[in-house]
Amino acid sequence: MPIDLQTDKLVLQHPKGASAELLLYGATIISWKSGSVTNAQPTERLFVSGKAALDGSKPVRGGIPVVFPCFGAPTHPEHAKLGQHGFARSETWTFDGIVMDNEAGVSIRLTLEPTASIAAKYERPFHLAYVVTLAEHQLSTDLHVKNTGLSTSPPLEFQALLHNYIRVNSSEVVVTPLKGLTYYDKTEPDEQLRTKVEARGQVDVKKYTDFVYQNAPGTYEVTSPTNKIEVRAVNFKDVVVWNPQQEGAKIADMEDGGWEKYVCVEPGYVHGFATLPAGETWVGQQVLSAKL
Ligand SMILES: O=P(O)(O)OC[C@H]1O[C@@H](O)[C@H](O)[C@@H](O)[C@@H]1O
């Protein structure tokens, strides 16, 4: 079966060998196995911590959690009751159907609408759809946000991000091209000094990195001697590069030394807020391609 719907997760299988698994909880992709143009053998491209909870008790430490409607701690008054990174990664989504099932792509759609538990902490009406498409060497994830409010209601203001944990040796990986971009350095203790300009042609994560690059180009290469993933994003104007290094030891669900096994490269709309008038839809798209 190219698409296997189980109680709490979906398994996608591409006829040429790639596969992906996603939980209904958080619409979190927890595995993407893909070959590349130069290496046909499907290999795992995402990192999931050995200590991650996969039972819906807390957001998954790894894979691709969906961040909506706030990134980090809430800063918008409408998000005040939400936790870090919002609720999309910790609510159970609904399987809405198969979008495509052929060699070009095996594709499904999940949706999320306000539930009693969401409405208790977030009052705005919305409809989210998440379309996940598996191709021979690619995984596409498209987030559709609709403001379902009445025409008289104010625009929806939100942030959204795809929190990719890319499996790679973090001491060898570089992320390009980020040179010349303004970024917000969340590791900088002095608030006044947090806005910086990237001077490096190749950004490594050999030290604690938590950088929010603004107005980034949208296409990034995540390269190590044994792995290369291209991240292509549309409408996610910013990109976060995160690796906690030893700070990761303070994260309860991080496996020992887990930070040596991934880099997070996260396209998002996170500097400021996307503004969506009533009745309209915003679509943020991402394509991950295995190049090596
Ligand atoms: O522990 P969480 O909520 O999954 O967040 C992990 C990291 O996510 C990154 O996107 C943030 O920039 C970091 O500041 C944060 O630590």
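Residues numbered from 1 in each chain as written. Predicted model: local features only at pLDDT ≥ 70, side-chain atom pairs only at ≥ 80, totals over all residues. Heavy atoms only, no water.

Once that is clear, we can look at the overall build of the protein. The number of helices and strands found in the protein is one helix and 22 strands. Its C-alpha radius of gyration of 18 Å places the protein within 12% of the 19 Å reference for a compact globule of 292 residues. Along the three orthogonal principal directions, the C-alpha set of the protein runs to about 55 × 55 × 35 Å. For the protein, with 292 residues in total, the buried portion stands at 54%. The contacts in the protein between residues at least 6 apart in sequence include a share of 65% that link residues at least 24 apart. As presented, the protein carries roughly 12,300 Å² of accessible surface, and 50% of it is formed by carbon and sulfur atoms. (Helix = DSSP H or I, 4+ residues; strand = E, 2+ residues; numbered from the N terminus. Rg over C-alpha atoms; globule rule 2.2 N^0.38 Å. Buried < 20%, exposed > 50% of the residue type's maximum accessible area, 1.4 Å probe, protein only. Contact = heavy atoms within 4.5 Å. Areas by Shrake-Rupley, 256 points an atom, 1.4 Å probe, with all protein chains shown as cover.)

In this structure, the amide linkage connecting phenylalanine 68 to the following residue, proline 69, adopts the cis form with an omega of 0 degrees. Between threonine 176 and proline 177 the backbone carries a cis peptide bond, its omega angle lying at -15 degrees. In the Ramachandran plot, alanine 27 falls in the positive-phi region, its phi being about 50 degrees despite a non-glycine side chain. Checked against the element boundaries, alanine 27 lands in the loop between strand 3 (19-23) and strand 4 (29-34). The backbone of glutamine 245 sits at a positive phi, close to 45 degrees, despite the residue not being glycine. Along the polypeptide, glutamine 245 turns up in the loop between strand 20 (238-243) and strand 21 (262-276). Using a relative accessible area of 16% as the deciding quantity, one classes glutamine 245 as buried.

With that out of the way, let us pick up the state of the cysteines. All chains considered together, the criterion is met by zero disulfides. Counting only cysteine sulfurs, cysteine 264 is the nearest neighbor of cysteine 70, a cysteine outside any disulfide, at a range of 17 Å. (Disulfide = S-S within 2.5 Å.)

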